[in-house]
Amino acid sequence: MTVTASETTTDTRVQAIFTDVLDSLLGIIRKHQVTWEEYRVATEWLTQAGNQGYEIPLMLDVFLSTTVDDVNFAAQGGTECNVEGPFYVPDAQLLERPYVLPQREAEPGEHLVFSGTVRSTDGSALAGALVDVWQASAAGEYSNIHPTVPEGNLRGRMTTDASGRFDFETIVPPPYAIPDGGATAQLLKALGRHLIRPGHIHFKVSHPACRALTTQIYFEGDPFIDSDVVGAVKDSLVIGLVRNGEAETRCSYDFVLTPNDKL
Ligand code: MBD
Ligand code: FE
């Protein structure tokens, strides 16, 4: 077999990180005196995860992503970022005003009007900012992931108007259980942990003059706000729902982006 140059090129970053990963894992095997039986269970569990569509990204997002978010977040005065999660789909439908997230004819759930603005850290309104939104249904299921939800459901992209405003209609996302039945859920149960994230709406907010923001919005009073299975909730991203009787539920959030020249 001929060995090409690329196969022999050392990647020093891989070397530095994987050496530590391996040291940790080997230390754990020694510390816990891992048996052949346990080693085989772990191998099968990983194999099973690899054979289940979204299971590996889901597992990594549940256990590791919040820390990756932490170490990459440099506070610039703008809205705090938050993990993307495993269920983002690029190129969601570009919506026309008035903005309504694509939904089924009688989409279950509490109707919600979400309004807000997009501004720069210097306070100026960002007209034409792109607001890319995705969320789970009232049953806690994401489109393009869960087979019973139509493609593109509760996903959409919209732009802000001349004064940086946007508003869209959707439903209130209730607390959400990560998909059950897979390797991630199996591990969480073995750990005695629940599978639930507080209700949340995902956002990617971008404008050519600013650094793009990936974040999530959560809701006050959500019973799982302090026990998110992903541990991703940040206080500044939790907002109130304003209920005007049965008629209407509203909330609002003003996103603040960091200009490129402030990076
Ligand atoms: C989700 O819906 C999510 O947003 C994250 C971060 C992890 C798993 C499922
Ligand atoms: Fe999510």
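Details of the structure are given in the entry above.
This one's a predicted model, so the numbers in the text were calculated from it and none came from an experiment. (Residues numbered from 1 in each chain as written. Chains lettered and ligands numbered in written order. Predicted model: local features only at pLDDT ≥ 70, side-chain atom pairs only at ≥ 80, totals over all residues. Heavy atoms only, no water.)

A.B. asks: How would you summarise unusual backbone geometry if you had to cite specific residues and measurements?
C.D. replies: Omega for the peptide link from Arg-97 to Pro-98 comes to -10°, which places this bond in the cis form. Its place among the elements puts Pro-98 in the loop between α5 (65-72) and β1 (99-100). Non-glycine residue Gln-33 carries a positive phi angle of around 45°. For Gln-33, the position within the fold is in the loop between α2 (12-31) and α3 (36-50). According to the relative accessible area criterion, Gln-33 is exposed, its value standing at 60%. At Asp-91, a position not held by glycine, the phi torsion is positive, near 65°. (Helix = DSSP H or I, 4+ residues; strand = E, 2+ residues; numbered from the N terminus. Buried < 20%, exposed > 50% of the residue type's maximum accessible area, 1.4 Å probe, protein only.)

A.B. asks: Quick one: what's the story with α5, residue by residue and with numbers?
C.D. replies: Along α5, the residues that are buried comprise Ser-65, Thr-66 and Asp-69. Buried positions in α5, seen along its axis, are confined to an arc of 105° and lie on one side of it. When the buried face of α5 is taken as reference, the exposed residues oriented beyond 90 degrees from it are Thr-67 and Val-71. Buried residues belonging to α5 abut α4 (55-63). (Arc of directions from axis to C-beta. Contact = heavy atoms within 4.5 Å.)

A.B. asks: Account for the packing of aromatic side chains, naming residues and giving values.
C.D. replies: Enumeration over the complete set of coordinates arrives at 13 aromatic pairs. Aromatic pair Phe-114 and Phe-203: ring centres 5.1 Å apart, planes at 50°, arrangement tilted. With Phe-114 in strand β2 (residues 111-120) and Phe-203 in strand β8 (residues 200-206), this residue pair connects regions lying 89 residues apart in the sequence. A relative accessible area of 0% means that Phe-114 is categorised as buried. On the basis of relative accessible area, Phe-203 is assigned to the buried category, the value being 0%. Through a chain of ring-to-ring contacts, three or more aromatic side chains come together here, namely Phe-114, Phe-166, Phe-168, Phe-203, Tyr-253 and Phe-255. (Phe/Tyr/Trp six-rings, centres within 6.5 Å; stacked < 30°, edge-to-face > 60°.)

A.B. asks: Give a detailed account of a nonpolar patch on the surface, specifying residues and quantitative values.
C.D. replies: There is a patch of nonpolar side chains on the surface, built from Val-14, Ile-17, Phe-18, Val-21, Leu-22, Leu-25, Leu-26, Ile-28, Ile-29, Val-34, Trp-36 and Tyr-39 and spanning about 1,100 Å² of accessible area. Put simply, the parts of the chain that give the nonpolar patch at least two residues each are α2 and α3. No other element matches the 9 residues that α2 contributes to the nonpolar patch. Along the chain, the position of Val-34 falls in the loop between α2 and α3. (Patch = residues over 30% accessible without salt bridge, like charges linked within 9 Å, V, L, I, M, F, W, Y side chains within 5 Å. Areas by Shrake-Rupley, 256 points an atom, 1.4 Å probe, with all protein chains shown as cover. Salt bridge = Lys/Arg side-chain N within 4 Å of Asp/Glu carboxyl O.)

A.B. asks: Let's hear about the site of ligand 1: which residues, and what values?
C.D. replies: What surrounds ligand 1 is the set Leu-58, Val-83, Gly-85, Pro-86, Phe-87, Tyr-142, Tyr-176, Arg-197, His-200, His-202, Gln-216 and Val-230. Between ligand 1 and Tyr-142 there is a distance of 3.1 Å, counted from an oxygen atom to a side-chain nitrogen or oxygen. His-200 is positioned such that a nitrogen or oxygen atom in its side chain is 3.2 Å from an oxygen atom of ligand 1. Protein burial of ligand 1: of its 260 Å² of free accessible surface, 100% is covered by the chains. Taken together, the residues that form the shell around ligand 1 break down as 7 nonpolar, 4 polar and 1 charged. (Near = heavy atom within 4 Å. Polar contact = N/O pair within 3.5 Å; in protein donor to acceptor, adjacent residues only side chain to side chain. Nonpolar A, V, L, I, M, F, W, Y, C, P; charged D, E, K, R; others polar.)

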